Amino acid sequence: MKSHRNRLYEGKAKILYEGPDPDTLIVHFKDDATAFNAEKKAVIDGKGVLNNRICELIFTKLNEMNIPTHFIKRLNMREQLIHKVEIIPLEVIVRNVAAGSICKQLGLTEGEPLPRSIIEFCYKDDALGDPLVAEEHITAFGWATPGELDDIINMTTRINDFMCGLFSAIGIRLIDFKIEFGRQYDGEVSRVILADEISPDSCRLWDVETNRKLDKDNFRRDLGDLVEAYSEVARRLGILKEENGKPKPSKPVLVKSD
Ligand code: TMP
Ligand code: ASP
């Protein structure tokens, strides 16, 4: 880590540094894991490297599909160069199958398919515990304009379609996920682009055959080895080397790209 770089912000799982240009930043993926608004914490060796690579693959494909993201390029094992945005204070959640908080709220059984995919919004405020809000709150309080909200919903629907296909092709069911958007400014004009990350930290991913959880619920609910699970996702996505029946290396071996 170069010490001359200016650290702008440290979150629960990532650090933001100034980028080489005024409209870029560098995001660093940490090994830190938190759950329940950081009540539960751990450092999980290798998580940041895996999330960086999985996020790179997904954001690259979204950029190619003309769904604009903040991702420019991966710099190294833990860092990406990204466009600077003003984060819209919303967690946008897509649910395809009932799990997590919707089960508690509505008395649903985990694993129950939903009548259709549902988009939820939470207001990003740790002190309030990121409360669920309606579109009315978002536009009334000015967290996003009606036009921005339309763009967010359209992009979110396309992202869900793409991600369902991507994961289904590798034997994984996309149960739900959380994304965040930001405003990218060009002078006075701004457009909404996908920001933050998409990784097994922010998705629920279940093996199609066995329902094995391949996501952060392993940490939240002490279900199993998180790095093993994320490595399995990376392996199926072609990021981790296939082992061809050879003994497993003690640490994940990432495939070189560039
Ligand atoms: P939930 O069922 O706990 O509301 O979570 C829905 C999805 O959002 C799930 O894929 C996990 C993800 N998520 C985050 O990425 N960050 C969070 O802080 C929370 C609560 C959920
Ligand atoms: N963002 C949550 C936390 O506060 C983690 C989660 O459940 O994903 O710690």
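Just so it is clear, the model here is predicted, and its values are computed rather than measured. Per chain, the residues get numbers from 1 upward, laid out in the order the sequence is written. Chains carry letters from A onward and ligands carry numbers from 1 onward, assigned in written order. Predicted model: local features are reported for residues with pLDDT of at least 70 only, side-chain atom pairs are reported and counted for 80 or more only, and whole-chain, interface and lining totals are derived from all residues. Excluding hydrogens and water, the side-chain figures rest on all heavy atoms present in the structure.

Observations concerning the overall build of the protein chain
Now for step 1: Helix and strand definitions here come from DSSP, where helices need a minimum of 4 consecutive H or I residues and strands a minimum of 2 consecutive E residues; each element is numbered from the N-terminal end. From N to C terminus, the protein chain includes six helices and 14 strands.
Now for step 2: In this description the radius of gyration comes from C-alpha coordinates, and the expected globular size is given by 2.2 Å times residues to the power 0.38. On C-alpha atoms alone, the protein chain measures out to a radius of gyration of 18 Å, which is about the 18 Å that the 2.2 N^0.38 rule sets for 258 residues.
Now for step 3: Overall, the C-alpha framework of the protein chain stretches about 55 × 50 × 35 Å when taken along its three principal axes.
Now for step 4: Classification of the 258 residues of the protein chain by burial places 49% in the buried group. The buried label applies to any residue whose accessible area, calculated with a 1.4 Å probe on protein chains only, is under 20% of its type's maximum; exposed applies above 50%, and partly exposed to all values in between.

Looking at the site of ligand 1
Now for step 1: Around ligand 1 there are 13 residues in total, and R95, S101, D176, K178 and R204 lie nearest to it.
Now for step 2: In protein, a polar contact means a hydrogen-donor-capable atom and an acceptor-capable atom, both N or O and within 3.5 Å, with residues adjacent in sequence counting only if both atoms are side-chain atoms; elsewhere, any N or O pair within 3.5 Å suffices. In this structure, an oxygen atom belonging to ligand 1 sits 2.6 Å away from a side-chain N or O atom of S101.
Now for step 3: At 2.6 Å from an oxygen atom of ligand 1 is found a side-chain nitrogen or oxygen belonging to D176.
Now for step 4: In isolation ligand 1 has 440 Å² of accessible area, and contact with the protein removes 76% of it.
Now for step 5: Going through the elements one at a time, β9 (90-97), β12 (172-186) and β14 (203-207) are the ones with two or more residues in the shell around ligand 1.
Now for step 6: With three residues, the top contributor of residues to the shell around ligand 1 is β12.
Now for step 7: The class makeup of the residues in the shell around ligand 1 is four nonpolar, three polar and six charged. What makes a residue near a molecule or strand is one non-hydrogen atom of that residue sitting within 4 Å of it. Areas reported as accessible are Shrake-Rupley estimates using a 1.4 Å probe. Residue values count occlusion only from the protein chains shown. For this classification, Asp, Glu, Lys and Arg are treated as charged, while Ala, Val, Leu, Ile, Met, Phe, Trp, Tyr, Cys and Pro are nonpolar and the rest, including Gly, are polar.

Focus: the nonpolar core
Now for step 1: Membership of the largest hydrophobic core comes to 58 residues, with the highest contact counts inside it found for I58, I159, M163, F167, F181 and I198.
Now for step 2: When residues no more than four places from it in sequence are discounted, the contact partners of F167 are I58, I172, L174, L205, V233 and L237. As used here, the term nonpolar core means buried Ala, Val, Leu, Ile, Met, Phe, Trp, Tyr and Cys residues forming a set that is joined through side-chain atoms within 4.5 Å. Whether two residues are in contact is decided by their heavy atoms, any of which lying within 4.5 Å being enough.

Brief notes about the packing of helix α1 (residues 47-64) against helix α6 (residues 226-236)
Now for step 1: For helices, the fitted line uses only the C-alpha atoms of the stretch in contact; every axis is such a line through C-alpha atoms, and the angle between N-to-C directions lies from 0 to 180 degrees. α6 packs onto α1 with a crossing angle of 25 degrees between their chain directions and a minimal axis gap of 10 Å. Considering the angle they form, α1 stands roughly parallel to α6. Taken as a pair, α1 and α6 cross one another with a handedness that is left-handed. Facing α1, whose interface residues are K47, L50, N51 and I54, α6 presents L226, V227, Y230, S231, V233 and A234.
Now for step 2: Split by residue class, the contact of α1 with α6 holds seven nonpolar, two polar and one charged. An angle below 35 degrees is treated as roughly parallel, one above 145 as roughly antiparallel, one from 65 to 115 as roughly perpendicular, and anything else as oblique. Crossings are classed by handedness, with left-handed meaning an anticlockwise turn of the near helix from the far one by less than a right angle and right-handed meaning a clockwise turn.

Examining the site of ligand 2
Now for step 1: Neighbouring ligand 2 are K12, T34, A35, F36, N37, A38, K216 and R220.
Now for step 2: Between ligand 2 and the protein, one listed contact pairs an oxygen atom with a backbone N or O atom of A38 at 3.0 Å.
Now for step 3: Protein chains shield 73% of the accessible area of ligand 2, which is 270 Å² for the free molecule.
Now for step 4: For the shell around ligand 2, the class distribution of residues is three nonpolar, two polar and three charged.

Quick look at the sheet that holds strand β2 (residues 14-18)
Now for step 1: We call two strands paired when DSSP finds no fewer than two bridges between them. Ordered in space as β1-β2-β3-β7-β6, the five strands form an open sheet in which the pairing is antiparallel. The open sheet has two edge strands, β1 (7-10) and β6 (71-74), and neither has a second partner. Each neighbouring strand pair of the sheet contributes to a mean axis angle of 25 degrees, computed without reference to strand direction.
Now for step 2: Bridge count for β1 against β2 is three bridges, and the pairing is antiparallel. Residue pairing across strands places Y9 opposite L16, the latter belonging to β2.
Now for step 3: Each of β3 (24-29), β6 and β7 (79-83) touches α1; the most contacted strand, β6, lies at about 135 degrees to it.

Focus on the pairing of strand β13 (residues 189-195)
Now for step 1: As paired elements, β12 and β13 share seven bridges and run antiparallel to each other. Across the sheet, G182 pairs through a bridge with I193, a residue of β13.
Now for step 2: The hairpin turn running from β12 into β13, its antiparallel successor, is two residues long, and G187 in that turn takes a positive phi close to 65 degrees.

Overview of the pattern of salt bridges
Now for step 1: Salt bridges, as used here, are contacts in which a Lys or Arg side-chain nitrogen is within 4 Å of a carboxyl oxygen on Asp or Glu. One pass over the full model with this rule turns up 28 salt bridges.
Now for step 2: One salt bridge in this structure joins D176 and R204, with 2.7 Å as the shortest N-O distance. Here R204 lies in strand β14 and D176 lies in strand β12, a separation of 28 residues in the sequence. Here D176 matches R204 in class, with each residue buried.
Now for step 3: Taken together, the shared-partner salt bridges connect R95, E110, E120, D176, R204, K213, D217, R220 and R221 into one network.

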